[in-house]
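# Remarks on the overall topology
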Amino acid sequence: MAPRILLCGDVLGRLNQLFKRVSSVTKSAGPFDALLCVGQFFPDSPDQLEEFTAYIEGGSQIPLPTYFVGDYGVAAPKFLLQASKDSANRGFMMDGFKVCHNLYWLKGGGKFPLFGLSVAYLSGRKSSSVQQFGTYTEDDVDALRAIAEEPEIIDLFLTYPSIGVHYLILRHSYGVTNGAAASDIPAGVSDAVGSDSTISELVQEIKPRYHIAGTKGIYYAREPYTNVDAVHITRFIGLASVGNRDKQKFIHAISPTPASTMSSTEIAVKTTTTTLSPYTFVEKRTAPMDSTKRSNDSISDSQYWRYDVSQKRQKHETGQTDKMCFKFVSSGSCPHGEKCHFRHDIDAREQCRRGVCFDFLNKGKCERGPDCNFKHNLQDEGDRHPSRRPGSGRSKECWFCLSSPNVETHLIVSIGENYYLALAKGPLVEDHALILPVEHMPSTLSMSSESEIELSRFQSSLKSYCKSQEKEVIFFEWASIRGTHANLQAIPIPSTKAVMVENVFNLAAQKLGFEFVAKTFDSISDGRKFLKTQIHGGSSLFYAQVPRGTILLHHVEENEKFPAQFGREVMAGLLNMADNADWRNHKHSKDEEMKIVENFKSRFQEYDPNC
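Below, the structure is looked at part by part. Counting starts from 1 at the beginning of each chain's written sequence and moves along it residue by residue. Local features in a predicted model are, by the rule used here, given only for residues with pLDDT of at least 70; side-chain atom pairs are given and counted only at 80 or more, and totals for whole chains, interfaces and linings are based on all residues. Side-chain figures throughout are based on the complete set of non-hydrogen atoms in the structure, without hydrogens or water.

### What to know about the pattern of salt bridges
Condition: In the sections that follow, a salt bridge refers to a side-chain nitrogen of Lys or Arg positioned within 4 Å of a carboxyl oxygen of Asp or Glu. Strands are runs of DSSP state E lasting at least 2 residues, helices are runs of H or I lasting at least 4, and numbering of each runs from the N terminus. When accessible area is computed with a 1.4 Å probe and restricted to protein chains, residues below 20% of their type maximum are described as buried, those above 50% as exposed, and intermediate ones as partly exposed.
Counted under the stated rule, the structure contains eleven salt bridges. The partner of Asp155 in a salt bridge is Arg209, with the nearest N and O atoms 2.5 Å apart. With a gap of 54 residues between them, Asp155 in the loop between α4 (138-148) and β10 (156-158) and Arg209 in the loop between α6 (197-206) and β11 (210-214) connect regions that are remote in the sequence. The residue Lys601 makes a salt bridge to Glu598 at a minimum N-O spacing of 3.9 Å. Here Glu598 and Lys601 lie together in helix α18 (residues 590-604), a separation of three residues that amounts to about one turn. We classify Lys601 as partly exposed; its relative accessible area is 31%. Given the relative accessible area of 47%, Glu598 is considered partly exposed. Three or more residues are tied together by salt bridges with common partners; here these are Arg145, Glu201 and Glu205.

Shown next, in the form of structure tokens:
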């Protein structure tokens, strides 16, 4: 049975009116499986905030699963930042961040399954400035371009209202492309459009069966149109805002059969009212200008820019051939072969197969931060998994990635913006904790300088907590260039043993044939600043932060055999707990771990920097 979906335009915080209408439609034509909202979801004015907040905080109930794009409006940053910090929302969440019961925020750009339907979306408005809410980024657009390369047919595409593609469709439908004037478009329609061409390009690439958007007070359902290089047709539905003065339609019901369950014959069916693509005329009309532009950029009419995501960020310059071909690196082949304007790098292809980020390979850095689903360090052959798809190594198999099904969330104690605190599995001692980056990074020293403030807060809170129990806490990290997910170990020890720590580390170092560099600092932050100057792209190091502000540092040479569990083994020797040097010898059942975590949380709560 085909899913039954309700579509809505700009909500503008008017949830009472929206769900009253949903209830009415449900009684006459329901039930419905989900509600998809496009345009501005949050209120325009603080006057509407009380009504809106009642739903977010549980005073009023949202009757069915509701998804929205358009992360802007009054109080949007407050509620969405709060949702982002929820442990259930950490990581790569294409299927929506849960804001409250039955309400999901579709952030950025992506694709997710919904009752068998394939739904793609681009949330927010185009902007050159970097904002956390309200705008989409080039990375979001890149993600959709990659999705367009997949063979799967997209059933629904949700976008922000009133962008250039809508204007194009409206002009075509009202005869403007045949010589009529723009004034021939009905009153209000031409005022509801903008000039963002990005959506126009994406719609042509993605070729969705339904394109849904708001139109600032205008309801418009265009006749189906054909797609270039695809047998199926596209229907455009523009929806008005909830409670609009002109009483234009703001809610619409559809029941599309998922394309994945349809035969090729069913997919190719066209209606008697099907028209040509509205892009055809405009592409022909602008061809001379585009041709000149592409000639200057040394790019032919074929869309080579689709295979190099950085092409949309900068024009062709000398050295453009140093950029790698996204299609080749991601899939191992490129339809343009030797004619491709970008480099076919076999080594990069191998790294991509091991889950390394394309932007990291192509530019040496990635701007996605915790939203990136790929590794940001080069992987050797030992890290390769024969059945692993690009990126899956990080999100699906890493024990410490919050987006991974393997992460043991019951061990998590506190979550911040850049770091989270968890108790160790198979702890050396009681209250043995780990401070871990939310982002998949090889060491805490490779994190941004801004995140150091949060890390220092976690360290200071653990020190204060341990001091209340007459203990000191020892921090250490093995920052390896071949590391996976960074973890800064925090092990409490009795204050009476604090004076012995440095000597024990030095004795262990002598047995391995090296000497620590020791430096003393007045504060944790000063010590961390020093450590960040010591990490380099091709080097690894081990460091320990011991009592009295001393840091013990050892640069590990590439061919040096350095024990991965060195820090834990040293501490086990200090505490006469040799059997616990291997974490597997001190494991607990999940039920035991949950009790341990709850007990620790109750004791640590007053020190938790995120409470």
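### Points about the sheet that holds strand β4 (residues 97-100)
Put simply, the rule reads: Strands are labelled as partners when DSSP assigns at least two bridges between them. All axes here are fitted lines through C-alpha atoms, helices being fitted over the stretch that makes contact, and every angle between N-to-C directions spans 0 to 180 degrees.
As summarised here, the arrangement of the six strands in space is β4-β5-β3-β2-β1-β15, forming an open sheet in which the pairing is mixed. A single partner strand is all that each edge strand has here, and the edge strands are β4 and β15 (251-254). Strand-to-strand twist of the sheet, defined as the mean angle between neighbouring strand axes without regard to direction, takes the value 25°. Note: strand β2 (residues 34-37) against strand β3 (residues 66-68), three bridges, orientation parallel. Counted as the bridge partner of Leu35 is Thr66 from β3.

### Thoughts on the pairing of strand β17 (residues 419-423)
Most of β17 is tucked away, with five of its five residues classed as buried. Of the two faces of β17, the one carrying Tyr419, Leu421 and Leu423 and the one carrying Tyr420 and Ala422 are both buried. In terms of strand pairing, strand β16 (residues 412-415) meets β17 through three bridges, oriented antiparallel. Looking at β17, one finds that Ile415 is bridged to Tyr420. Between β16 and the antiparallel strand that follows it, β17, lie three residues.

### Here we look at the sheet that holds strand β20 (residues 488-494)
To keep things clear, this is the line we draw: Should any heavy atoms of two residues lie within 4.5 Å, those residues are counted as being in contact.
Taken together, eight strands build an open sheet; the order of strands is β16-β17-β18-β20-β19-β22-β23-β21 and the sheet is antiparallel. The open sheet terminates on both sides in strands that have one partner only, identified here as β16 and β21 (517-520). Here the average twist between neighbouring strands, direction ignored, is 20°. Two elements, β17 and strand β18 (residues 433-437), share five bridges in a ladder whose sense is antiparallel. Residue pairing in the sheet places Tyr419 in a bridge with Pro437 of β18. Sheet strands touched by helix α15 (residues 501-512): β19 (471-479), β20, β21, β22 (540-546) and β23 (550-556). Its angle to β22, the strand with the most contacts, is close to 155°. Against the sheet, α18 makes contact with β16 and β17, and its axis sits at roughly 40° relative to β16, the strand it touches most.

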